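Geometric and topological summary
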Amino acid sequence: MRTLLDTRLLPAIAVAAIVIVLPWFFPSAFYYRIGALVFIFALAVVGLNLLMGFAGQVSLGHAGFLGIGAYSVAIGPVYFGMPSWLSLFAGAVLSGLVAFLVGRPILRLKGHYLAVATLGFGLLVAIVLSNEAGWTGGPDGMSVPKLTLFSWSVRSADAWYWIAGTTFVGGFILALNLMQSPTGRSLQAIHDSEIASLVLGIDVASKKLTIFIISAMYASVAGSYLALFNGHVTPDVAGFLRSIELVAMVVLGGMGSIVGSLVGAIVLVVLPQVLTVFHEYEQALLGLIVMVFMIFLRRGIVPSLAAILQGWRK
Amino acid sequence: MRTLRRVTVTAAIGLAVLLSAGQLASAQIKIGSVLSVTGPASFLGDPEKRTLEIYVEEINAKGGVNGQKLQLIVYDDGGSADNARTFATRLIEEDKIFAMVGGSTTGATMAMIPAFEEAKIPFISLAGAIQIVEPVRSWVFKTPHTDKMACEKIFADLKTRKLTTIAMISGTDAFGKSMRDQCVAVAPKAGITIAIEESYGPRDSDMTPQLTNIKNKAGVQAVVNPGFGQGPAIVTRNYRQLAITLPLYQSHGVASKQFIELAGPAAEGVRLPAAALLIADKLPANDPQKAVVVNYSKTYQQKTGQAVSTFGGHAYDGLMILVQAMQRAKSADKAKVRDEIEKTKGYIGTGGIVNMKPTDHMGLDLSAFHMLEIKGGDWTLVPGT
C-alpha cells in the first residue's frame with residue numbers, strides 16, 4: 001500500500017478520487033455544470049502549464065487553440081457532416097498542425113518576443129472567427145450540434161461532468177508521465193538553463209516545438225468540450241481575455257505544478273460564482289483575492305503551500 | 001492521503017454552503033436576469049439593470065403582481081456568452097426562477113436559449129438580432145426592434161424621395177456587419193439597388209478613400225452608413241469635407257446626442273431612423289407612445305441621474321410585457337404566462353406598439369421607428385413618418 005501511494009501516480013489517484021467523490025455533495029445540475037467547467041478549463045491549463053511551467057515559454061494566445069477546437073465541432077458537423085467526435089479529433093490535429101507551423105518560427109524567439117508573437121496569433125484567430133461570418137456566424141456565434149456517441153445524445157450537465165472529469169484525469173496522467181519522459185526532463189533542463197541544455201546536446205528548438213504542439217492540442221480538446229457542452233459558440237472563446245484567464249489560472253495554481261493547474265481552474269471558475277452575493281463589488285473582490293494569493297503565495301497556490309507544509313514537517 | 005481527502009470534503013462542503021447562501025426560499029415570484037453589466041457590452045447591460053431594479057421596486061411598492069411581490073435576481077455575464085450560459089443554468093437550477101428578462105447581447109441570448117427552452121421558462125430577450133425569434137421558439141421572445149426593420153425604414157424613406165440607387169459604407173464591427181447583411185438582404189424587395197459597397201474598421205480614423213470611391217461612382221443617389229460608435233461621425237465629417245451633396249443616412253446605432261456632438265455641423269441634414277424614446281419631448285402630443293416614453297425617461301433620469309438610452313427601454317418593455325401577461329394569466333403557471341405573452345396585443349412600450357403572434361415573438365412593425373433629420377444641431381421629426 002505504502003509503495004503504491006508513494007509512487008508518482010499519487011496525485012493522479014487523488015484527482016480521480018476528487019472527480020468521483022465531489023458529486024456526492026452536488027445538490028443540483030448547476031453544480032455539475034460548474035464541475036464540468038472546472039475540468040474543461042483545467043485540461044487547457046494543464047497543457048498551457050506544460051509550456052509555461054516546464055518549457056518556460058509564455059503563450060498569450062492560447063485561447064486561439066481553444067477557439068479552433070470549439071469551432072471545429074461547430075463547423076465540422078454543420079458544413080461537412082462529420083460526427084462531433086471526429087470533428088473533435090480533427091480540431092485537435094488541426095490545432096497541432098497550426099501550432100507546428102506557427103511554432104517553428106516563433107519558438108526561435110526568446111522572452112517577450114514569443115509572448116508578443118503568440119499574442120498576435122490569438123488575436124488573429126479571434127478576428128478570423130468574427131469576420132468569416134459565412135462559416136462562423138460572425139460575432140453572434142453559431143450553435144453547436146449535440147455530441148452523439150453510439151446513438152446516445154450527450155446533453156445533461158452530469159454526463160458532461162463525467163466526460164470532462166474522465167478526460168481531465170487522462171490528460172493529467174499523460175502530463176505527469178510526459179514530465180518523467182526524456183522530453184520532459186530535457187524541458188525542465190531548458191527551463192533552468194537554455195545554454196546548459198544546449199551544451200548537453202538537447203535540441204532546444206525541437207523540444208519546445210513538441211511541447212507547444214502538445215499544449216495546443218490540450219487546449220483544442222478543451223475548446224471542443226466547451227462548445228459541445230454549451231451548445232453555442234461565440235468568438236469570445238478565442239478572445240484575448242480568455243488567453244489571459246488561462247495564463248492567470250496557470251500562475252495562480254502554480255507554474256510547473258500539474259496539480260496547481262486544477263487548483264487554478266477551480267479558483268477562477270468557482271470564485272466568480274461565489275462572489276455574486278456581493279453584487280457590485282464582485283469584480284473588485286475577485287481582483288483583491290487574486291492579489292492576496294499572489295502576494296502571500298508567490299509561487300502559486302500549490303507550490304507555495306507545499307513548501308510551507310514541508311517547512312512544518314522539519 | 002487522509003488529510004487530502006479531509007481537505008477535499010471540507011472544501012466541497014464550504015463551497016456548497018457559500019453557493020447556497022442568500023438563496024433561502026421565499027414566497028416571492030422570482031424574475032431572473034443575466035446582463036452584461038460590466039465588460040465591453042456594459043453600455044447595454046448597465047441601463048438594463050438599473051431599469052429592472054427601478055421598476056421591480058416600483059411594482060412591489062404598488063403591491064406586486066397578483067398579490068405577490070417580485071424578486072429580481074441579476075447576474076453579470078461580463079459580456080461572455082459562456083458565463084451567460086452558466087448563470088442561466090444557475091437561475092434555473094438554483095434560484096428556480098419563474099421567468100427571465102435579460103440577455104444583453106445576441107451571443108449571450110443564443111447561448112442561453114437552449115437552457116430556457118429545455119426548462120420551459122418564459123424568456124424575454126433584450127438583444128437585437130433577428131435570429132432570436134426567427135425561427136420562432138415557443139418560450140423565447142424579444143423586445144428590441146431589429147436591424148432589418150431599420151433598413152426597411154431607411155429604404156421606405158428613400159422611396160418616398162424617389163431615390164433608388166444607393167451606395168453603402170458600413171463598419172466591420174458586430175453591429176455594422178449585422179445591419180449591412182440585413183440591408184443587402186432586404187434591398188431587392190424594397191426596390192433599392194446598391195451600386196457600390198465600402199467598409200471601414202471600428203478604429204479607423206479616416207474614411208476619405210472609401211467615400212472618394214463612392215463619390216466617383218456614377219448613378220448613386222444616396223448613401224447609407226450602417227455603423228456604431230465614432231465611425232459614423234467620422235464618415236459624416238469626411239462626407240462634408242469631400243463636398244458630397246447626396247442625402248446621407250445613418251443608422252439607429254448612432255441615435256444619441258453624442259453623435260451630433262462628434263460630427264458637429266457636418267451632421268446637418270443627416271437622416272436616421274430612431275425609436276420614440278430618444279425624441280420623447282419632440283413627439284406630437286397625440287402620439288400613442290408619448291406618455292410612456294416621457295414617463296420612462298423622467299423616472300430613469302430622476303433615479304439614476306443619467307440620460308436614457310433605448311437599451312434601458314428594452315428592459316422596461318420586457319418587464320412590463322411579462323408583468324401584464326402574469327396579471328392576465330392570474331396564476332403562477334409558466335405555460336399559461338407564456339401563452340399570455342404570446343397574446344400580447346396593443347402593448348404600448350418605449351420601443352413601439354407590440355402585437356405578438358404565435359408566428360411573431362417580437363410584435364413590432366415599422367411604426368416602431370421614426371425618421372429623424374438633424375437640423376440646427378438637434379433632432380427633428382421628418383413629417384409623415
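Thresholds applied
- Residues numbered from 1 in each chain as written.
- Chains lettered and ligands numbered in written order.
- Predicted model: local features only at pLDDT ≥ 70, side-chain atom pairs only at ≥ 80, totals over all residues.
- Helix = DSSP H or I, 4+ residues; strand = E, 2+ residues; numbered from the N terminus.
- Rg over C-alpha atoms; globule rule 2.2 N^0.38 Å.
- Contact = placed C-beta atoms within 7 Å.
- Buried ≥ 20, exposed ≤ 12 C-beta atoms within 10 Å, placed from the backbone.
- Domains from an automatic or database assignment.
- Nonpolar A, V, L, I, M, F, W, Y, C, P; charged D, E, K, R; others polar.
- pLDDT = per-residue confidence, 0-100.
- Pairing = 2+ DSSP bridges.
- Right-handed = clockwise from strand over helix to strand, strands pointing away.
- Axes fitted to C-alpha atoms, helices over the stretch in contact; angles between N-to-C directions.
- Core = buried A, V, L, I, M, F, W, Y, C linked by C-beta atoms within 7 Å.
- Parallel < 35°, antiparallel > 145°, perpendicular 65-115°, else oblique.
- Expected span 1.5 Å × (residues − 1).

A separate point is the overall build of chain B. What chain B contains, in helices and strands, is 12 helices and 14 strands. In terms of C-alpha radius of gyration, chain B reaches 23 Å, essentially the compact-globule figure of 21 Å for 385 residues. Counting only contacts in chain B whose residues sit at least 6 apart along the sequence, the fraction spanning at least 24 positions is 67%.

A tally of regular secondary structure across chain A gives 15 helices and four strands. By the compact-globule yardstick of 20 Å for 314 residues, chain A fits well, its C-alpha radius of gyration being 19 Å. When the 314 residues of chain A are sorted by exposure, 50% land in the buried category. Partitioning the contacts of chain A with sequence separation of at least 6, the portion at a separation of at least 24 is 76%.

Moving on: the domain arrangement of chain B. All names here are of chain B. Here chain B is partitioned into domain 1 (28-145 + 294-366) and domain 2 (147-280 + 368-381). Look at where the C-alpha atoms of domain 1 and domain 2 centre, and you get two points 30 Å apart. When contributions to the side of domain 1 that touches domain 2 are tallied by element, the ones reaching two or more residues are α10 (290-304) and α11 (310-329). A per-class count over the side of domain 1 that touches domain 2 returns seven nonpolar, eight polar and one charged.

Turning to the confidence of the model for chain A, a few remarks are in order. In this model, chain A carries a mean pLDDT of 87, and residues with pLDDT of at least 70 account for 96%. Across chain A, the secondary-structure element scoring lowest on mean pLDDT is helix α1 (residues 2-6) of chain A, at 49, and the one scoring highest is helix α4 (residues 63-80) of chain A, at 93.

With that out of the way, let us pick up the pairing of strand β1 (residues 29-35) of chain B. Residue and element names in this part refer to chain B. Of all seven residues in β1, five are buried; the element is thus mostly enclosed. Two strands pair when backbone bridges link them, and β1 and strand β2 (residues 70-76) are joined in this way by seven bridges, in the parallel orientation. Bridging across to β2, Ile29 finds its partner in Leu70. For the handedness criterion, the β-α-β arrangement of β1, helix α2 (residues 42-61) and β2 is classed as right-handed. In this structure, β1 lies alongside strand β3 (residues 99-102), joined through two bridges in parallel fashion. Across the sheet, Gly32 pairs through a bridge with Met100, a residue of β3.

Bringing unusual backbone geometry into the picture now. Residues and elements named next belong to chain B. For the bond from Glu134 to Pro135, the omega torsion is 5°, close enough to zero to count as cis. Looking at the element boundaries, Pro135 is found in the loop between β4 (123-125) and β5 (140-142). For Asn66, which is not glycine, the phi torsion reads 50° and is therefore positive. Within the secondary structure, Asn66 sits in the loop between α2 and β2. Of note, Lys96 is a non-glycine position whose phi angle comes to about 50°, a positive value. Secondary-structure assignment places Lys96 in the loop between α3 (81-93) and β3.

Here the focus is the packing of helix α13 (residues 258-274) of chain A against helix α15 (residues 301-313) of chain A. Residue and element names in this part refer to chain A. In contact at an axis separation of 8 Å, α13 and α15 are set at 120° when each is read in the N-to-C sense. Contact residues: α13 offers Val259, Gly260 and Val263, while α15 offers Ile301, Val302 and Pro303. Here the contact of α13 with α15 is composed, by residue class, of five nonpolar, one polar and no charged.

Residues and elements named next belong to chain B. Ranked by size, the top nonpolar core spans 112 residues in total, and within it Phe116 and Leu322 carry the most contacts. By residue number, the principal contributor to this core is α11, which donates nine residues. Inspection of this core shows a minimum of three residues originating in each of domain 1 (28-145 + 294-366) and domain 2 (147-280 + 368-381). Excluding residues that lie within four positions of it along the chain, Phe116 makes contacts with Ala88, Met100, Ile121, Phe123, Trp139 and Val140.

All names here are of chain B. Contact geometry of α2 with α10 gives a least axis separation of 11 Å together with a crossing angle of 100°. If you check the angle between α2 and α10, you find them roughly perpendicular. For the pair α2 and α10, contact is made by Arg50, Thr51 and Ile54 and by Thr299, Tyr300, Lys303 and Thr304, respectively. Across the contact of α2 with α10, the residue classes tally to two nonpolar, three polar and two charged.

Another point: α3(B). Residue and element names in this part refer to chain B. The end-to-end C-alpha distance of α3, which contains 13 residues, comes to 18 Å, matching closely the 18 Å that a straight helix rising 1.5 Å per residue would cover. The buried fraction of α3 is high, at 12 of 13 residues. For α3, every residue scored as buried is listed here: Ala81, Asp82, Asn83, Ala84, Arg85, Thr86, Phe87, Ala88, Thr89, Arg90, Leu91 and Ile92.

All names here are of chain B. Read from one edge to the other, the open sheet built from five strands follows the order β2-β1-β3-β4-β5, with strand pairing classed as parallel. With one partner strand each, in any of the chains shown, β2 and β5 form the two edges of the open sheet. When the angles between neighbouring strand axes are averaged without regard to direction, this sheet yields 20°. Where β4 meets β5, three bridges bridge the pair, whose relative direction is parallel. Within β5, the position partnered with Ser125 by the bridge is Lys142.

Here the focus is the environment of B:Val254. Residue placement: B:Val254 occurs in the loop between β9 (248-250) and α9 (257-263). Between the C-alpha atom of B:Val254 and that of B:Gln230, which follows or precedes it by 24 residues, the distance is 8.5 Å.

Turning our attention to the environment of B:Ala127. Residues and elements named next belong to chain B. Along the polypeptide, Ala127 turns up in the loop between β4 and β5. Owing to 25 C-beta atoms within 10 Å, Ala127 belongs among the buried residues under this scheme. When the C-alpha atoms of Ala127 and Thr109 are compared, they prove to be 7.0 Å apart, with 18 residues separating the residues in sequence. Those residues in contact with Ala127 that lie beyond four places of it in its chain are Gly103, Ser104, Thr105, Thr106, Thr109, Ile132, Lys142 and Pro144.

With that settled, the discussion passes to helix α12 (residues 334-342) of chain B. Residues of α12(B) that are buried include every one of B:Val337, B:Arg338, B:Glu340, B:Ile341 and B:Glu342, and no others. On its buried side, α12(B) packs onto β3, β5 and α11 of chain B.

Residue and element names in this part refer to chain B. The pLDDT averaged across chain B works out to 87; a share of 92% of its residues lies at or above 70. Confidence, expressed as mean pLDDT per element, reaches its minimum in chain B at helix α1 (residues 2-20) with 53 and its maximum at β4 with 96. Low pLDDT (under 50) marks residues 20-26, which in the prediction has four contacts with non-local residues, meaning those over four places away or in another chain.

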